[in-house]
Amino acid sequence: MANQPILIYLVAFGAAFTAFTLAWIAYLHIKMYRRGVAFQRVNPNMKIIYSVPSGFRILRSFAGSTLRKLGFKYANGWDLIAKHEPFADTQDDILAIITPFSTEVNVANADAVREIALSRPSEYPKPVEMYNILSLYGHNVVTTEGDEWKRHRRVTVPHFNEKNNAYVHESTMRTLEGAFAKWKSDKIANGSEETEIDVHNMMFRVALSVISDAAFGVQFEFDGEGYVPPGFTFSFQRSLEILSLHLVEYIAFPKWAFKLPIRYLRDIDVGFSDFHRHMRSLVSTARTEKSEKANLLAALVKAADIESDADKALSEDEMISNMFIFLFAGHETTANVLSYATAYMALLPEYQDKLYEETNKVIPLEETPAYKHFTQLPFTMAIMNESMRLYPTVPLIPKVAGAGPSGTAQFQPLLGGKYQIPVSQNASEPELEGTSIHISFIPLHYNPKYWGPDPEAFRPERWVADDADSLNRYAWAPFSVGGRACLGKKFSQVEFVCALTMLNRYYTWRISPEMADEEAKKNGTKEEIEASARANCRKEVEKPERAITLKPGPVRLLFKRRTTA
């Protein structure tokens, strides 16, 4: 009996908690429904999907089945899972996802993409506040809009030129030759004819080495650790690795967390700090040397020093911030697409043969690939395009409807006025506030209207077929389109073509049996082990990891030197 009051309190607390939870669920869904009704009044022809935000997933277990019967649907990771399927019953491949706090208009329509990004970019600006997290070292070409963005773009665009592209090719050649030398020594040490590689780790190092050289002017050995100057904790190479691997943690964790006595967090904090210090040193060196080097940093510094109008020149912090963006965007893009391409070519080895045939027609065996060959390898480029179609590095680009020159517009028309996108800050009713519009690359890239009956198939031939010129250029946008298109598009293309050409020219590769399930490796036949490894490889490729970018899971491949190489 002595415990009876405690039991009563526990029952009362449980009842109160349950009542509060149910009331909160009801509040969220009433709020969500009211947003949907308000949006549907303005856009009666647009499909809407109700979705509880990811932070409220626990609520789905309470009322999910009941609400689904009432027409509520949940779109958790919908683009990666469902691809274009949610758009199949829409009129124009446009739908709205309604949460209690926001409305996201998702576009998988090439005409709408062109209108938003090319024809009317000022009416559909970038929500710069979403990009402030990338202003770690100052403003840059990604985090700015309007006149400020034009200033950054005017200064940075000219340096992505043919001189730098040729240097990207040289740097990629140098990096792959270093990798091949490492593989050769490993093969001799292990007494094996094949070298087993974690493909994303490999491509991560390749892309990091290339961008360090071609963007920053710092070369390092493919498998080296780099030089640590006095007063630094990490080499420039290691600080680049930390930035590339741990950007999400650095952005997400509060600053005080990095002061805790946890080595992992301390190293991240010091890595980002050392990068900033390395960059200041590199800027100072570039100013002192006054060289004609082809790397991007040297070109930016030279442009800043000769600019007579201080208001047009980039400050040192702005140069460093732009270089940080070039590192993040350029490195991730190329590493990921090379990983997807090589994995698919292991799953479908006939593409290794096709690529080898194309290369040998263009480049005699006694010659090495040169930058002049870049435009002569269309099938190699087709493999890149197809890999980025299936798995674009960035899955979407967020936009908002702008208030127009007068600043008073409440809606922006889309597709000739068929749809009206609410201007959040001038919303005619509270339920229309918090509206954004997303160019959704995955549904766009899997839209059968543009890609035929097999949009989920890896088929590079679609890019070199007789009717390839008829492909809608706005239905493929992994580098974005319009004025906001990626500055380093050709940088990435040159690096990809050179790297894949080098790999395919000198090596063949297959899926490692180590990717098979343990049961298959223990008791299976050779055929069963290969089948299990293939299935697991495909699973890792087709279910990518989603952080800031999309990247494949761990794929292990065996590389073997060609006898003709």
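Residues numbered from 1 in each chain as written. Predicted model: local features only at pLDDT ≥ 70, side-chain atom pairs only at ≥ 80, totals over all residues. Heavy atoms only, no water.

A.B. asks: Any chance you could explain the sheet that holds strand β3 (residues 103-107) here in plain terms?
C.D. replies: Sheet strands pair by backbone hydrogen bonding; their relative direction is either parallel or antiparallel. One open sheet accounts for five strands, arranged β1-β2-β3-β8-β5; its pairing is mixed. The strands lining the two open edges of the sheet, one partner per strand, are β1 (47-50) and β5 (396-399). Averaged over all pairs of adjacent strands, the angle between their axes in this sheet comes to 25 degrees, without regard to strand direction. Here β3 runs beside strand β8 (residues 435-440); their pairing, made up of five bridges, is parallel. Residue asparagine 106 lies in a different strand from β8, and its bridge partner there is histidine 438. Across the face of the sheet, helix α1 (residues 4-42) comes into contact with β1, β2 (94-98), β3 and β8 while running at roughly 170 degrees to β1. (Pairing = 2+ DSSP bridges. Helix = DSSP H or I, 4+ residues; strand = E, 2+ residues; numbered from the N terminus. Axes fitted to C-alpha atoms, helices over the stretch in contact; angles between N-to-C directions. Contact = heavy atoms within 4.5 Å.)

A.B. asks: Sorry if this is basic, but what is going on with the environment of alanine 329 here?
C.D. replies: Mapping alanine 329 onto the fold places it in helix α11 (residues 316-347). Spatially, the C-alpha atoms of alanine 329 and isoleucine 49 are 31 Å apart, while their sequence positions differ by 280 residues.

A.B. asks: Help me out: how do you make sense of the nonpolar core in this one?
C.D. replies: Where a protein is soluble and globular, its nonpolar side chains tend to be buried together. Residues Met202, Phe216 and Phe275 are the most contacted members of the largest nonpolar core, which totals 158 residues. In this view, phenylalanine 275 contacts Tyr137, Phe216, Phe236, Ser239, Leu240, Leu243, Phe324 and Leu327; residues no more than four positions away in its chain are not counted. (Core = buried A, V, L, I, M, F, W, Y, C linked by side-chain atoms within 4.5 Å. Buried < 20%, exposed > 50% of the residue type's maximum accessible area, 1.4 Å probe, protein only.)

A.B. asks: Could you clarify how one ought to interpret helix α5 (residues 146-156) in this entry?
C.D. replies: The α-helix advances 3.6 residues per turn, and as a result positions three or four apart in sequence lie on the same side. Within the span of α5, buried status applies to Trp149, Arg151, His152, Val155 and Thr156. An end-on view of α5 places all buried positions within 155 degrees of arc, on one side of the element. Those residues of α5 that are exposed and aimed more than 90 degrees away from the buried face are Asp147 and Lys150. Looking at the buried positions of α5, the neighbouring elements they touch are α10 (296-306) and α11. (Arc of directions from axis to C-beta.)

A.B. asks: I'm lost on the packing of helix α12 (residues 350-362) against helix α16 (residues 489-506) in this one. Help?
C.D. replies: When two helices pack together, their arrangement is given by the angle between the helix axes and by the axis-to-axis distance. Close contact between α12 and α16 brings their axes to 9 Å; oriented N to C, the two are set at 100 degrees. Taken together, the axes of α12 and α16 are roughly perpendicular relative to one another. Contacts from Gln352, Leu355, Tyr356, Thr359 and Asn360 of α12 reach α16 at Leu500, Thr501, Asn504 and Arg505. (Parallel < 35°, antiparallel > 145°, perpendicular 65-115°, else oblique.)

A.B. asks: In this structure, what is going on with the packing of helix α9 (residues 263-289) against α10? I would like to understand it.
C.D. replies: Where α9 meets α10, the axes come as close as 9 Å, and the angle between the chain directions of the two elements is 65 degrees. Considering the relative orientation of α9 and α10, their crossing is right-handed. Here Met279, Leu282, Val283, Ala286 and Arg287 of α9 come into contact with α10, specifically with Leu297, Ala298, Val301 and Asp305. Taken together, the residues of the contact of α9 with α10 sort by class into seven nonpolar, no polar and two charged. (Left-handed = near helix turned anticlockwise from the far one by under 90°. Nonpolar A, V, L, I, M, F, W, Y, C, P; charged D, E, K, R; others polar.)

A.B. asks: Explain the pattern of salt bridges here, please?
C.D. replies: Any two side chains of opposite charge can pair, on the condition that their charged atoms come close. Counted under the stated rule, the structure contains 30 salt bridges. The partner of lysine 418 in a salt bridge is aspartate 92, and the shortest N-O contact between them spans 2.7 Å. Residue lysine 418 is found in the loop between β6 (411-414) and β7 (419-422), and its partner aspartate 92 is found in the loop between α3 (78-82) and β2; the two are separated by 326 residues along the sequence. Taking relative accessible area as the criterion, lysine 418 reaches 37% and is therefore assigned partly exposed. The class of aspartate 92 is buried, set by a relative accessible area of 16%. One salt bridge connects glutamate 461 with lysine 354, and the closest N-O pair in it is separated by 2.6 Å. Of this pair, glutamate 461 sits in the loop between α15 (448-451) and α16 while lysine 354 sits in helix α12, placing them 107 residues apart in sequence. Classification of lysine 354 as partly exposed rests on a relative accessible area of 35%. Each of Glu386, Arg389, Asp454, Arg459 and Arg462 takes part in salt bridges that share partners, so that together they form one network. (Salt bridge = Lys/Arg side-chain N within 4 Å of Asp/Glu carboxyl O.)

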